[in-house]
Amino acid sequence: MGRPPAARGAPSLFLLSLLLLPLGAAAEPRQVFQVLEEQPPGTWVGTIATRPGFTYRLSEHHALFSINATSGALHTRATIDRESLASDVVDLVVLSSQPTYPSEVRVLVLDLNDNAPVFPDPSIVVTFKEDTGSGRQLILDTATDADSGTNGVDHSSYRIVAGNEEGCFRLNITLNPSGEGAFLHLVSRGGLDREATPTYQLLVQVEDKGEPRRRGYLQVNVTVQDINDNPPIFSQTLYQARVPEDAPVGASVLQVAAADADEGTNADIRYRLEGVLGL
Ligand SMILES: *[C@@H]1O[C@H](CO)[C@@H](O)[C@H](O)[C@H]1NC(C)=O
Ligand SMILES: *[C@@H]1O[C@H](CO)[C@@H](O)[C@H](O)[C@H]1NC(C)=O
Ligand SMILES: *[C@@H]1O[C@H](CO)[C@@H](O)[C@H](O)[C@H]1NC(C)=O
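Everything quoted here is computed from the prediction, not taken from an experiment.

Glancing now at the overall build of the chain. Per the secondary structure count, the chain includes one helix and 16 strands. Here the chain holds 279 residues, and the buried ones make up 32% of them. Sequence-distant contacts, at least 24 apart, represent 65% of the contacts inside the chain between residues at least 6 apart. For the chain, the exposed surface amounts to about 17,500 Å²; the carbon and sulfur share of it is 55%.

What follows concerns the pairing of strand β1 (residues 31-36). In regular strands, side chains alternate between the two faces of the sheet. A one-sided burial pattern is seen for β1, the buried positions being Gln 31, Phe 33 and Val 35 and the unburied ones Val 32, Gln 34 and Leu 36. The pairing of β1 with strand β7 (residues 102-110) spans six bridges and is parallel. Pairing of Leu 36 across the sheet is with Leu 110, part of β7.

Now for the site of ligand 3. With respect to spatial proximity, the complete set of residues near ligand 3 consists of Gln 137, Arg 170, Asn 172, Thr 174 and His 185. Between ligand 3 and Arg 170, the relevant distance is 3.2 Å, taken from an oxygen atom to a side-chain nitrogen or oxygen of the residue. Between Asn 172 and ligand 3, the recorded distance is 2.2 Å, taken from a side-chain N or O atom to an oxygen atom. Contact with the protein chains covers 41% of the free accessible surface of ligand 3, which is 360 Å². Considering every element that reaches the shell around ligand 3, the biggest residue donor is strand β11 (residues 169-175), with three residues.

What follows deals with the environment of Val 125. Structurally, Val 125 is set in strand β8 (residues 123-129). Relative accessible area serves as the criterion here: at 60%, Val 125 is assigned to the exposed category. Between the alpha carbons of Val 125 and Val 222 there is a distance of 5.9 Å; along the sequence they are 97 residues apart. Residue contacts for Val 125: discarding those within four places in its chain leaves Asn 221 and Thr 223.

Using the residue numbers shown here, the UniProt feature "domain: Cadherin" (unreviewed entry) corresponds to residues 54-119, 120-234 and 235-273. Between the C-alpha atoms that bound residues 235-273 the distance is 16 Å, and the span itself is 0% helix and 5% strand.

Side chains of Phe 234, Val 243, Val 253, Leu 254, Val 256 and Tyr 271 sit close together on the surface and give an oily, nonpolar patch of about 520 Å² of accessible area. Along the polypeptide, Phe 234 turns up in strand β15 (residues 233-234).

One pass over the structure, following the stated rule, counts six aromatic pairs. Where Phe 119 meets Tyr 158, the ring centres are 6.1 Å apart and the plane angle is 55 degrees; that geometry is what we call tilted. Placement of the pair is Phe 119 in the loop between β7 and β8 and Tyr 158 in strand β10 (residues 153-162), with a sequence separation of 39 residues. Members of the aromatic cluster, joined through ring pairs, are Phe 128, Phe 169 and Tyr 200. The ring of Tyr 101 carries Arg 51 above its face, with NZ or CZ at 4.4 Å from the centroid.

Burial along strand β14 (residues 215-225) is one-sided: the face carrying Gly 216, Leu 218, Val 220, Val 222 and Val 224 is buried and the face carrying Arg 215, Tyr 217, Gln 219, Asn 221, Thr 223 and Gln 225 is not. Examined bridge by bridge, β8 and β14 share seven bridges and lie parallel to one another. In the sheet register, Lys 129 faces β14, and the bridge partner there is Gln 225. When strand β13 (residues 199-208) meets β14, the two strands line up antiparallel, connected through nine bridges. Within the sheet, the bridge partner assigned to Tyr 200 lies in β14 and is Val 222. The hairpin turn running from β13 into β14, its antiparallel successor, is six residues long.

Now for the nonpolar core. Judged by nonpolar contacts, the single largest core of 22 residues is most densely connected at Tyr 158, Phe 169, Leu 186, Val 220 and Val 222. One finds Phe 33, Val 35, Ile 48 and Tyr 56 within the second-largest nonpolar core, a separate group that totals 20 residues.

Turning next to the site of ligand 1. Surveying the vicinity of ligand 1 reveals the residues Asn 68, Thr 70 and Ser 71. At 2.3 Å, a side-chain N or O of Asn 68 approaches an oxygen atom of ligand 1.

Here the focus is the sheet that holds strand β9 (residues 137-140). Across the sheet, which stays open at both edges, the three strands sit in the order β9-β12-β11 with antiparallel pairing between neighbours. One side of each edge strand has no neighbouring strand; the edge strands of this open sheet are β9 and β11. Neighbour-to-neighbour, the strand axes of the sheet open up by a mean angle of 30 degrees, direction not taken into account. Examined bridge by bridge, β9 and strand β12 (residues 182-188) share four bridges and lie antiparallel to one another. Residue pairing in the sheet places Gln 137 in a bridge with Val 187 of β12.

Quick notes on the rules
Each chain has its residues counted from 1, following the order in which its sequence is written. Whichever chain is written first becomes A and whichever ligand is written first becomes 1, with later ones labelled in order. This being a predicted model, a pLDDT of at least 70 is required before a residue's local features are given, and a value of 80 or more before pairs of side-chain atoms are given or counted; all residues contribute to the totals for chains, interfaces and linings. Hydrogens and water molecules were not included; the side-chain quantities draw on all heavy atoms of the structure. What counts as a helix is a DSSP run of H or I of at least four residues, what counts as a strand is a run of E of at least two, and both are numbered from the N terminus. Burial here depends on accessible area, computed with a 1.4 Å probe over protein chains only, as a share of the maximum for the residue type. Under 20% is buried, over 50% is exposed, and the range in between is partly exposed. Residues count as neighbours in contact if any of their non-hydrogen atoms are within 4.5 Å of one another. Each accessible area is a Shrake-Rupley estimate made with a 1.4 Å probe; only the visible protein chains count as cover when residues are assessed. Each pair of strands is called paired provided DSSP finds at least two bridges between the two strands. Residues are counted as near a molecule or strand when any one of their heavy atoms sits within 4 Å of it. Polar contacts, as used here, are pairs of N or O atoms within 3.5 Å; protein pairs need one atom able to donate a hydrogen and one able to accept it. Residues neighboring in sequence count only if both atoms are side-chain atoms. UniProt positions are given in the numbering used here, feature names are shortened, and annotations may be inferred rather than shown by experiment. Here, patches come from residues exposed beyond 30% relative accessible area and free of salt bridges, joined within 9 Å for like charges and within 5 Å for nonpolar side chains (Val, Leu, Ile, Met, Phe, Trp, Tyr). The salt bridge definition used is simple: a Lys or Arg side-chain nitrogen within 4 Å of an Asp or Glu carboxyl oxygen. Note on aromatic contacts: the rings of Phe and Tyr and the six-membered ring of Trp form a pair at centre separations within 6.5 Å, being stacked when their planes are under 30 degrees apart, edge-to-face when over 60 apart, and tilted otherwise. In our convention, an over-ring charge means Lys NZ or Arg CZ found within 6 Å of a ring centre and within 35 degrees of that ring's normal. In this text, buried Ala, Val, Leu, Ile, Met, Phe, Trp, Tyr and Cys residues form a nonpolar core when linked through side-chain atoms within 4.5 Å. Inter-axis angles, ranging from 0 to 180 degrees, are taken between N-to-C directions of lines fitted to C-alpha atoms, where helices are fitted over the stretch in contact.

Structure representation (structure tokens):
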């Protein structure tokens, strides 16, 4: 999700200032420096062109940068977090001592891979019907990364790193042709059996392209939904009972029991006497 690289707009701006300022004009050309984010306060950014006998100051106090009045060296005053800046291009105006002339200084804050990719929700629940044929797929949200460009998400790197020991699932990554973004699907390979494994906890990992690579994780809790794939089974294949010939009508003779491995209404059992054998 990074911002476009700052340098992209620079050439046209530079051209514009050349057009507006005839050669030999008093104003100094803009000086451009670069500094990496997350460096300690006091990091040297660059040194402006100075003239002998002049002193220099920033046109106004700046929270991130200061200038050495005599040497013209620009340093950071604080640790800069690029992701918290309104823009990674910071423009400063430096004023000289008498005679006062302003010069423009532009600082480009360069991205470090200081953020890991993150998923919108770190943990989600999805449902697959049991025995789903191979190839049924559900879309998953992809990750984003506060860092830009080469430190952004590597969308080709999604992998299931835990919970898929039986190999029932795989990921289908469809990369956007632009290279930015992707569609991510969780695909069932079929053979899901709720009675054997009612839930799975999959861990999906993604990396960014930075150095060192940072990782983000998504926990996918899969609930396997029941289908009526099991018949009721009696506790015995044959029940035997004796009845005294003088037993009263309605006397209990025998109790049978069956069980069904399915759940909910798929496990409801109704009994019926089909016929009487052995008479
Ligand atoms: C400014 O730079 C000069 C020359 O490098 C140095 O002697 C001086 O201590 C610096 N001043 C400050 C306030 O850092
Ligand atoms: C997924 O399962 C884990 C472990 O039981 C649990 O901590 C987490 O809250 C579940 N996620 C959701 C979204 O229910
Ligand atoms: C991956 O998903 C895309 C988009 O839904 C689909 O067109 C493609 O056939 C799937 N590929 C595989 C190997 O499942």
